[in-house]
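# A closer look at the structure
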Amino acid sequence: MSALEPTLLLPAHEPAPLGLDDWAQACHAALAAGEQLVMLFGRPQADGSEAWLITAVLYSPAAGLRVLRSRAARGARYPALTAHFPAAQMAERELWEQTGLRPEGHPWLKPVRFEGERQQQMDAYPFFVVRGQEVHEVGVGPIHASVIEPGHFRFMCHGERVQHLEIQLGYQHRGVEALLLQRPPLALTPLVESIAGDASIAHAWAHCAAIEALAGVSVAPGVDQVRAVALELERIAMHLVALGGMATDIAFLQGGATYGRLRTAIINATQRVCGNRFGRGWLRPGGVRHAIDAARRQDLLDTLAAFARDFAQVNELMLGARSVRSRLRGTGIVSTQAARELGLVGLAARASGVARDSRHELPGHVYREHPLPLLTEDGGDCWARMRLRMREIDASLAWLQQQLQDVSSDLAGEALVPIGALRADRLCITVCEGFRGPVVQAVETGADGALLHYKVQDASMLNWFGLAIAVRDNEISDFPICNKSFDLSYCGNDL
């Protein structure tokens, strides 16, 4: 297996756990050397002792994925990575909330989801306070005047200008990670698909790859090619949601109506392939349940050809309208330095000039053999995030047409490969680049081969703080545009 695969499988005892201080020092050295912190989590020791096993997942362009592990007593403390590497702030907060391990020197140690004993403490959330004459606070949510999920946004304003925004989530914490341990591994995909419903394909692919690796099963290249087709269709459809929302928020009605119609065309095409507009039921461990035969291939090509014409026309209208440029250019800026230091991922990072895309960093067979261009924008504002969505849709569209037009490409799939018992004492890490950014899942088996731990990370968790930074020094009326330009998931954070 190539080092730059999106799946890493290790014996559970490798590498050997370090002492907590040594582990923190090793993580510090890795981040100082330019490695990226992909995920950080802990689980109780399998032997029932009062201790935690801590895992840091790291990435470097040369070596791909690797892990550093540590054993720590309950209530232990270690030097916070965030003090030197702000990108670790959210991961360390989540680790503290889930395990009680305290990162000493963390500058912003607050709950992420109000898990466990903190579930009844949301009213005591320690909001940041801005003081000064004429400074006032505006609270929005958690219940919104729209059919969206709950979240509280507290704006600290001087006049109409936002000095600071604090985002409090966790109102819909569902305990997904615990639920994933209560069913047989082969019955989990429907639950995984509902972790963040608009990223069903990305989460399902990451899950399928983990189960297949743990079972020692290899699927044919054509299977992953079908999965990639599903993923790029999902990327197009969900980028259109953000484009339509941005157009609607600035009252550019041609864009709002047309992007919505085009999204419907794409998700209806997905439904004609697999029976569900969000792709649920399409991917399963061992393969795909719905092949792309000749008739479906032609149907997708016809849909994409009609889509391409209308998409180009509405984009020309959006990009050429003075009202659109006036509202979006210079609004909600996140600088390249801020995006890099905060550890933003996916489109939010690329729109600020940070060239990060796991389809390039960890391409696997499909994206290595059939690459997409790595696209970035330098502006870091709402305009850049809008333009990048348009460009990424165009790139996915061209890629899909190339795959579907190539009669030699195997998109027929095959019968599901039988999945037997999972290998015992293994840790598997999988990464799949969803439309918001990388979906990361870590699955570990115990001595009997049963699932011991399941960790899920949606890109939204790493990007919500980026939205808070983007809103600073903007008019409060610009918040809806900034919010939709990021298009983050509440449930992807709250799990």
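Predicted model, so just to flag it, every value in this text is computed and none were measured. (Residues numbered from 1 in each chain as written. Predicted model: local features only at pLDDT ≥ 70, side-chain atom pairs only at ≥ 80, totals over all residues. Heavy atoms only, no water.)

## Digging into the nonpolar core
Core analysis: the largest hydrophobic core is formed by 97 residues, its most contacted members being Leu-240, Trp-282 and Phe-311. Broken down by element, the residue count for this core peaks at 14 residues, all from helix H6 (residues 221-249). If near-sequence neighbours (up to four positions away) are discounted, Trp-282 is found in contact with Glu-193, Ile-201, Val-226, Ala-230, Leu-233, Thr-270, Val-273, Cys-274, Val-288, Arg-289, His-290 and Ile-292. In this structure, Trp-23, Trp-52, Leu-68 and Phe-85 belong to the second largest nonpolar core, which totals 22 residues. (Core = buried A, V, L, I, M, F, W, Y, C linked by side-chain atoms within 4.5 Å. Buried < 20%, exposed > 50% of the residue type's maximum accessible area, 1.4 Å probe, protein only. Helix = DSSP H or I, 4+ residues; strand = E, 2+ residues; numbered from the N terminus. Contact = heavy atoms within 4.5 Å.)

## Considerations on the side chain of Ser-460
Tracing the chain through its elements places Ser-460 in helix H15 (residues 459-471). Leaving out residues up to four positions away in the same chain, Ser-460 has contacts with Arg-436, Leu-488, Ser-489 and Asn-493.

## Structural notes on the pairing of strand S12 (residues 426-433)
Sheet faces and side chains relate simply in a regular strand, where the side chains alternate between the two faces. Within S12, 7 of the 8 residues are buried, which leaves it mostly tucked inside the rest of the structure. Bridge count between strand S1 (residues 7-11) and S12: 5 bridges; the pairing is antiparallel. Residue pairing in the sheet places Leu-8 in a bridge with Ile-429 of S12. For S12 and strand S13 (residues 438-445), the ladder comprises 7 bridges, and the chain directions are antiparallel. Within S13, the residue paired with Cys-432 across the bridge is Val-439. Hairpin connection of S12 to S13: 4 residues between the antiparallel strands, including Gly-437 at a positive phi of 150°. (Pairing = 2+ DSSP bridges.)

## Some remarks on the packing of H6 against helix H7 (residues 253-274)
Each pair of packed helices can be described by the angle between their axes along with the distance between the axes. Running from N to C, H6 and H7 point in directions that differ by 160°, and their axes come no closer than 8 Å. Considering their axes alone, H6 and H7 lie roughly antiparallel with respect to each other. For H6 against H7, the interelement crossing comes out left-handed. Each of Leu-233, Ile-236, Ala-237, Leu-240, Val-241, Leu-243, Gly-244, Ala-247 and Thr-248 in H6 lies in contact with H7, whose residues at this interface are Gly-255, Gly-256, Tyr-259, Leu-262, Arg-263, Ile-266, Ile-267 and Thr-270. Of the residues belonging to the contact of H6 with H7, the class tally is 11 nonpolar, 5 polar and 1 charged. (Axes fitted to C-alpha atoms, helices over the stretch in contact; angles between N-to-C directions. Parallel < 35°, antiparallel > 145°, perpendicular 65-115°, else oblique. Left-handed = near helix turned anticlockwise from the far one by under 90°. Nonpolar A, V, L, I, M, F, W, Y, C, P; charged D, E, K, R; others polar.)

## Topic: the domain arrangement of the chain
Looking at the chain, the domain boundaries give domain 1 (7-119) and domain 2 (204-458). Here the C-alpha centroids of domain 1 and domain 2 sit 28 Å apart. Contacts between the two partners involve 25 residues from domain 1, matched on the other side by 26 residues from domain 2. Where domain 1 abuts domain 2, roughly 2,100 Å² becomes buried across the two surfaces, and 64% of that area is made up of carbon and sulfur atoms. Considering only the surface of domain 1 that becomes buried against domain 2, Thr-7, Leu-9 and Met-39 emerge as the three largest contributors, covering 25% of it. Between the two partners, domain 1 and domain 2, sit 3 salt bridges. For Glu-444, the salt bridge is made with Arg-69, and the minimal N-O distance between the two is 3.1 Å. Across the domain 1-domain 2 interface, the total number found is 9 residue pairs in polar contact (both at pLDDT 80 or more). If you list the elements that add at least two residues to the side of domain 1 that touches domain 2, you get S1, strand S2 (36-44), strand S3 (51-60), strand S4 (64-73) and helix H2 (89-99). (Domains from an automatic or database assignment. Buried area = accessible area lost by both parts, 1.4 Å probe. Salt bridge = Lys/Arg side-chain N within 4 Å of Asp/Glu carboxyl O. Polar contact = N/O pair within 3.5 Å; in protein donor to acceptor, adjacent residues only side chain to side chain.)

## A word on the packing of aromatic side chains
Scanning the model with the defined rule gives 13 aromatic pairs in all. Aromatic pair Phe-153 and Tyr-490: ring centres 6.4 Å apart, planes at 90°, arrangement edge-to-face. One end of the pair, Phe-153, is in strand S8 (residues 152-158); the other, Tyr-490, is in helix H17 (residues 490-494), with 337 residues separating them in the sequence. Tyr-490 shares its class with Phe-153; the two are buried. Joined through ring pairs, the aromatic side chains of Phe-153, Phe-155, Trp-464, Phe-479 and Tyr-490 make up one cluster. Here the guanidinium or amino end of Lys-110 rests over the ring plane of Trp-108, the centre of that ring lying 3.9 Å away. Directly above the aromatic system of Trp-383 lies the positively charged group of Arg-329, at a separation of 4.5 Å from the ring centroid. (Phe/Tyr/Trp six-rings, centres within 6.5 Å; stacked < 30°, edge-to-face > 60°. Lys NZ or Arg CZ within 6 Å of the ring centre and 35° of its normal.)

## Remarks on the side chain of Glu-392
Mapping Glu-392 onto the fold places it in helix H14 (residues 382-405). Apart from residues lying up to four places away in sequence, Glu-392 is in contact with Arg-235, His-239, Leu-347, Arg-350 and Leu-375.

## Brief notes about the sheet that holds S3
Here we have 3 strands laid out as an open sheet, ordered S2-S3-S4, and antiparallel in their pairing. Edge positions in the open sheet fall to S2 and S4, since each of these has one partner strand only. Strand-to-strand twist in this sheet, taken as the mean axis angle between neighbours without regard to direction, amounts to 20°. As judged from the 8 bridges shared by S2 and S3, these two strands associate in the antiparallel manner. Counterpart to Arg-43 in the pairing with S3 is Leu-53. Helix-sheet contacts for H2 involve S2 and S3, and the interaxial angle to S2 is about 0°.

## Examining the pattern of salt bridges
Under the counting rule described, the total for this entry stands at 28 salt bridges. Between Glu-232 and Arg-359 there is a salt bridge, with the nearest N and O atoms lying 3.3 Å from each other. One end of the pair, Glu-232, is in helix H6; the other, Arg-359, is in helix H12 (residues 358-361), and 127 residues separate them in sequence. By relative accessible area, Glu-232 is classed as buried at 0%. Between Glu-377 and Arg-387 there is a salt bridge; the shortest N-O distance is 3.3 Å. Separated by 10 residues along the polypeptide, Glu-377 in the loop between helix H13 (364-369) and H14 and Arg-387 in helix H14 bring together distant segments of the chain. On the basis of relative accessibility, which here comes to 28%, the residue Arg-387 falls in the partly exposed class.

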